[in-house]
Amino acid sequence: MKDKFYQYIQDLQDTITSKLETVDGKAKFREDLWERAEGGGGRTRVIENGNVFEKGGVNISAVHGPLPKAMQAYFNVGDVDFFACGLSLVIHPKNPFVPTVHANWRYFEMYDKEGNLVNSWFGGGQDLTPYYLFEEDARHFHQTCKTACDKHNPEFYTKFKQQCDEYFWNAHRNEGRGIGGLFFDHCKATESFSMENWYDFVTEVGNSFLEAYVPIVERRKDIEYTEENRTWQEIRRGRYVEFNLVHDKGTLFGLKTNGRMESILMSLPPHVQWVYDHHPEEGSEEERLIKVLAKPVSWM
């Protein structure tokens, strides 16, 4: 399974980066191959200063070795070995009317000291972070997520949408990071759903990503914007940074397992503002977004 899924994310990285380069029309992804001293490595691809995308990364990694002490405590296990592979992406567009997007699909195995597989699971999801709310875009993104889920279980969309709303919640701000999507973790085999079934589901979601995001980019990338729009985008990006550094488990895992720092922090946008006690103008589009983020919305 680990070889099968690692091959899948390598191919998916190629597909996604190729399409995003076409959409941008100017910038190309820079590729870095890296190795982890304790075992494994990855392929980082970053795009910057394009016509459409100000900064973005589409990264894959496969790391293995003894599970670090800090992660042993997190997983509540003893001295075990692990394997983890996944694709993680974050795209920060230049135009404030185009949303930021994040996605991740991953697979994890754990072994005893004799090399026996003792646990394995899938995780992942995709979520949208707009700076200006277009309900048409929100419905499109969520409908694409729901369509992918419904092919495998009619209960998945509702369950994983709720988990996404709960996970991407900036508790210290009491607001959502964005308008959600899907989030699932520790997806393990049961009597009714095998690891092959989970593989089919996770790859279905991964394959839906471009369909979920690119049409939104195409609709919004040429809208004219002002410096005020850009300032608002940078203020909201600050909330994005706060979530990733304070709450995000993926960032924590990377830091605790001696991951590659440049790849872990590629999710951070290049231009951000923190304005003291900022409040948008009453009745504005900016305030409308804030009100939507105050409580999860059912977009279907």
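To start, this report covers the structure provided alongside it. (Residues numbered from 1 in each chain as written. Predicted model: local features only at pLDDT ≥ 70, side-chain atom pairs only at ≥ 80, totals over all residues. Heavy atoms only, no water.)

## A look at the overall build of the protein chain
And step 1. For the protein chain, the count of helices and strands is nine helices and nine strands.
And step 2. With the C-alpha coordinates aligned to their principal axes, the bounding extent of the protein chain is approximately 60 × 40 × 40 Å.
And step 3. For the protein chain, long-range pairs separated by at least 24 residues make up 70% of all intrachain contacts whose partners lie at least 6 apart in sequence.
And step 4. Surface summary for the protein chain: the accessible area is close to 13,900 Å², and the carbon and sulfur share equals 48%.
And step 5. Charged side chains of the protein chain number 35 positive and 46 negative; the gap between the two group centres comes to 1 Å. (Helix = DSSP H or I, 4+ residues; strand = E, 2+ residues; numbered from the N terminus. Contact = heavy atoms within 4.5 Å. Areas by Shrake-Rupley, 256 points an atom, 1.4 Å probe, with all protein chains shown as cover. Lys, Arg positive; Asp, Glu negative; His and termini not counted. Charge placed at Lys NZ, Arg CZ, Asp CG, Glu CD.)

## A few points about the sheet that holds strand 4 (residues 81-93)
And step 1. Reading across from one edge, 1-2-3-4-5-6-9 is the order of the seven strands in this open sheet, with antiparallel pairing throughout. Two strands lie at the open edges of the sheet, namely strand 1 (30-35) and strand 9 (180-187), each paired on one side alone. Across this sheet, the average inter-strand angle for adjacent strands is 5°, counted without regard to direction.
And step 2. In terms of strand pairing, strand 1 meets strand 2 (residues 40-48) through six bridges, oriented antiparallel. (Pairing = 2+ DSSP bridges. Axes fitted to C-alpha atoms, helices over the stretch in contact; angles between N-to-C directions.)

## Topic: the environment of Gln-143
And step 1. Tracing the backbone through its elements, the reader meets Gln-143 in helix 3 (residues 135-150).
And step 2. Looking at Gln-143, the relative accessible area reads 39%, which means it is partly exposed.
And step 3. Between the alpha carbons of Gln-143 and Phe-156 there is a distance of 13 Å; along the sequence they are 13 residues apart. (Buried < 20%, exposed > 50% of the residue type's maximum accessible area, 1.4 Å probe, protein only.)

## Notes on the side chain of Arg-36
And step 1. Its location among the elements puts Arg-36 in the loop between strand 1 and strand 2.
And step 2. Beyond its immediate chain neighbours, meaning those up to four positions away, Arg-36 contacts Gly-41, Val-63, His-64, Phe-82, Thr-257 and Asn-258.

## Digging into the pairing of strand 6 (residues 117-129)
And step 1. For strand 6, the tally of buried residues reaches 10 of 13 residues, placing the bulk of the element in the interior.
And step 2. Of the pairings in the sheet, the one linking strand 5 (residues 100-111) to strand 6 comprises 12 bridges and is antiparallel in character. Across the sheet, the residue bridging to Tyr-107 is Phe-122, located in strand 6.
And step 3. The antiparallel pairing of strand 5 with strand 6 creates a hairpin that spans five residues between the two strands, and Gly-115 there sits at a positive phi of about 85°.
And step 4. Across six bridges, the pairing between strand 6 and strand 9 is antiparallel.

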